Structures are given as C-alpha cells and as structure tokens.
Amino acid sequence: MEAVRLTGVMGARVDGIDVRTLDDEGLAELRALVCEHEVLVVSGQALTPYEQVEFSHRLGPAADSPFIEPSADHPEVIRVLKEAKDGNAFNFGGAWHSDFSFQPSPPSFTVLHAIDLPPWGGDTCFSSMTAAWDALPAQQKEDLLAYRGVHTARDAYSPRMQAVHSGLSGMNIVCDESAHDVTLHPLVRVHPETGRTVLFYNRAYVRDLVGPPDDEKKRLMEWLHLHTTDARFGYRHRWSPGDLVIWDNRSTQHYALNDYAGFRRELHRTTVAGETPIPA
Ligand code: SIN
C-alpha cells in the first residue's frame, strides 16, 4: 500500500485499493497508516452504509454516538447532511473538536465517506495534536503535563443549544441534560498505538482545566485553542466523490467548513470505540 504524504506534518493519501477486499495484513497496514499520518484519505471507494459499518468493525467496535439520531436503516451510521434549503444553518462539526471527547473512552477513529458533495466548499480542516505538542518549549510541556481537561458537551448539546441544531432539516439532533456531564482527561496523553505524546485539547468540549491557577485558566484555554489550530499543524481536505477519510481522534482535531449555502452535502460517518486516555 503506497501512501503519499499530503503535508509536512500530517495526512496521507492512498489510491488504488478497495477497503472492502483488504485482507488482515492490508487492514493492519491501513490502520498503521492512519495512526502514523493521523488522517488517511482513501480515494475511489463506493461503500454502501452496510459495507461502511463492516469496514469500521474491522477497526474496532462501534462507538456510542449520543445526541445524534442515526440513519433509520443503519443504527451505526450518522448521515452528516446539510440540505440545499438549509442555507446558512449551523453545520454539523462546525467548530474545532475531537469527536465526543467528553466521553470517558472517546472514539479512536472516525470514518467519513463522501456521498453527495457541493460544487465547492465544505472542506474539512484537520490539526495534528502531535505536531502541536512537539512544537512547545520544554518548560511549557512540563507545566501542561500536570493539567487535566474538563470535557463536557454542555455548550454543544445541552437543551439551550437545540435551536442551533434544529436548522438542519436532514439531521435529527436531540439535545438533553446529559450534555452537562463532565469527564476529566489528561491534557497531555500518550497515543496507545504509536506511543507518541499528544495535546488532548479541543475548544468545543474542553470547557475548563484542572491544575492551572484560576486566574490563568481562561487565557491558557484561549491560547491552547489558537496554538492547537495553527495552520502550520494542519491539513485541509477538499472532498472528491468516493473519498473515504479515516482520522484518529486521539491525535487530531477537525472542523467542517460551512461555505456552501444553497448546496447539498452528505457524508456517512461511523465511529470506532476508543480507550480511556493514558496520561503522558
Ligand atoms: C464531523 O465533525 O464529524 C463532520 C466533519 C465533516 O462533515 O466534514
């Protein structure tokens, strides 16, 4: 399997394979490529929802996906959908985040398959939390190692956010009080498959920190957001029909751009269960 790098820090692309027919060795190779490059674009796939679920299962069991009603026929598939008539509605994934990091064991991988694309726009931006960590000076690393992130879905899926999500006519997102639950994760974690150290931070779900002095938290969180989403750590994916993009939520954040008002965009998403983050 030949992977072509897409930037100097993250992302790779594989052409000429069919993920449905990978043998165990091929699958292990693909998994290692995702972990190494953090985002892997596999071009030219044509998976039915059932085939996408089968492929995802080979990466691991399905993750639990709260708040978002899945496809009626395929309970493990989320149809990430903005209809043309939804105009400028807030789009799903339209804030920097790592999928469901508020869960005690957040997802390892997400698999997103292009089904229907706008003529332009709707790119997905990724940022490498490995590169963001590596770029820090030693003293700052030392400080951050002692901190934990307070992850919660409260500013995304609590009932007061319902109106924001209800602008998407093709997705049923049901906000509820469980979004107020909080989970503490190390701010710096060790990737369980590569052994690399990553900054496990994203502004959508990390809403507080444990460790820094109270009067520094707000400034530090704002700085963490700016640092971790800096363009030098990123890759921006321009979708083509048939793309299957697999990313590692343990070492990345992503953000779906919302610049295609008046056009339809549909992708099928499956997520793979992860593990409790290991502190660095
Ligand atoms: C997501 O955040 O899972 C969706 C990303 C996208 O639609 O590009």
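As the structure is a computational prediction, the values presented were derived from the model and not from experiment.

A.B. asks: Talk me through unusual backbone geometry; I want residue IDs and the actual numbers.
C.D. replies: Residues other than glycine seldom take positive phi values, yet glutamate 38 does so here, at roughly 75°. Positionally, glutamate 38 belongs in the loop between helix 1 (24-37) and strand 3 (39-42). Positioned with a positive phi, phenylalanine 67 is a non-glycine residue whose angle comes to about 75°.

A.B. asks: I'd like a description of the site of the ligand, backed by residues and values.
C.D. replies: In the vicinity of the ligand, the contacting residues are Val80, Phe92, Gly93, His97, Asp99, Leu112, Thr124, His254, Ala256, Arg265 and Arg269. Separating an oxygen atom of the ligand from a side-chain N or O atom of histidine 254 is a distance of 3.0 Å. For the ligand, an oxygen atom lies 2.8 Å from a polar atom in the side chain of arginine 265. Starting from 260 Å² of accessible surface for the ligand in isolation, the protein chains cover 100%. Sorting the residues of the shell around the ligand by element identifies strand 14 (252-256) and strand 15 (265-271) as the ones contributing at least two each.

A.B. asks: Provide a residue-level description of the packing of aromatic side chains, including the pertinent values.
C.D. replies: Aromatic rings in a pair are described by how distant their centres are and how their planes are angled relative to each other. The final tally for this structure, using the stated rule, is eight aromatic pairs. Measuring from centroid to centroid gives 6.1 Å for phenylalanine 67 and phenylalanine 102, while their planes differ by 55°, and the two rings are tilted. Taken together, the residues span a long stretch of sequence, with phenylalanine 67 in the loop between helix 2 (49-59) and strand 4 (78-82) and phenylalanine 102 in the loop between strand 4 and strand 5 (109-116) at a distance of 35 residues. A ring pair is formed by tryptophan 96 and tyrosine 255, whose centres lie 5.5 Å apart and whose planes are at 25°; its orientation type is stacked. Linking tryptophan 96 in the loop between strand 4 and strand 5 with tyrosine 255 in strand 14, this pair joins segments that are 159 residues apart in sequence. Judged by its relative accessible area of 17%, tryptophan 96 is buried. Note on tyrosine 255: relative accessible area 25%, which makes it partly exposed. Feature note: the residues Phe67, Phe100, Phe102, Tyr157 and Tyr205 constitute an aromatic cluster, connected by ring pairs. One Lys or Arg, arginine 189, reaches over the ring of phenylalanine 200 and ends 4.6 Å from the middle of that ring. The residue whose ring lies beneath arginine 250 is phenylalanine 109, and the NZ or CZ to ring-centre distance is 4.8 Å.

A.B. asks: Any details on the pattern of salt bridges? Residues and values, ideally.
C.D. replies: A side chain of one charge can pair with a side chain of the opposite charge if their charged atoms are brought near each other. A complete count under the given rule lists 24 salt bridges for this structure. Between aspartate 99 and arginine 269 there is a salt bridge, with its nearest N and O atoms 3.1 Å apart. In this pair, aspartate 99 sits in the loop between strand 4 and strand 5 while arginine 269 sits in strand 15, placing the two residues 170 residues apart along the sequence. As a salt-bridge pair, glutamate 275 and arginine 250 come within 3.3 Å of each other at their nearest N and O atoms. On the criterion of sequence distance, the pair formed by glutamate 275 in the loop between strand 15 and strand 16 (278-279) and arginine 250 in the loop between strand 13 (244-248) and strand 14 is long-range, its members being 25 residues apart. Its relative accessible area of 1% is what places arginine 250 among the buried residues. Connected through shared salt-bridge partners, Arg31, Arg189, Glu193, Asp248, Arg250 and Glu275 make up one network.

A.B. asks: Give me the sheet that holds strand 15: which residues, what numbers.
C.D. replies: The mixed open sheet is built from seven strands, whose spatial order is 1-2-3-13-5-15-4. In this open sheet, the two edge strands, each paired with only one partner strand, are strand 1 (3-5) and strand 4. With strand direction ignored, the average angle separating the axes of adjacent strands in the sheet is 25°. Pairing of strand 1 with strand 2 (residues 12-14) involves three bridges; the strand directions are antiparallel. When the sheet's bridge partners are listed, arginine 5 is paired in strand 2 with alanine 12. Where helix 1 meets the sheet, it contacts strand 1, strand 2, strand 3, strand 5 and strand 13, and its direction lies at approximately 130° from that of strand 3.

A.B. asks: Which residues make up the sheet that holds strand 7 (residues 148-152), and what values go with them?
C.D. replies: Within the open sheet, the three strands sit side by side as 8-7-11. Their pairing is antiparallel. Two strands in the sheet have a free side with no partner beyond their single neighbour: strand 8 (182-186) and strand 11 (206-210). Neighbour to neighbour, the strand axes of the sheet diverge by 30° on average, direction disregarded. Examined bridge by bridge, strand 7 and strand 11 share four bridges and lie antiparallel to one another. Directly across from arginine 148, in strand 11, lies its bridge partner valine 210.

Reading the values: rules and limits
Residues numbered from 1 in each chain as written. Predicted model: local features only at pLDDT ≥ 70, side-chain atom pairs only at ≥ 80, totals over all residues. Heavy atoms only, no water. Helix = DSSP H or I, 4+ residues; strand = E, 2+ residues; numbered from the N terminus. Near = heavy atom within 4 Å. Polar contact = N/O pair within 3.5 Å; in protein donor to acceptor, adjacent residues only side chain to side chain. Areas by Shrake-Rupley, 256 points an atom, 1.4 Å probe, with all protein chains shown as cover. Phe/Tyr/Trp six-rings, centres within 6.5 Å; stacked < 30°, edge-to-face > 60°. Buried < 20%, exposed > 50% of the residue type's maximum accessible area, 1.4 Å probe, protein only. Lys NZ or Arg CZ within 6 Å of the ring centre and 35° of its normal. Salt bridge = Lys/Arg side-chain N within 4 Å of Asp/Glu carboxyl O. Pairing = 2+ DSSP bridges. Axes fitted to C-alpha atoms, helices over the stretch in contact; angles between N-to-C directions. Contact = heavy atoms within 4.5 Å.

Don't take any of this as a statement about function, it's just geometry.
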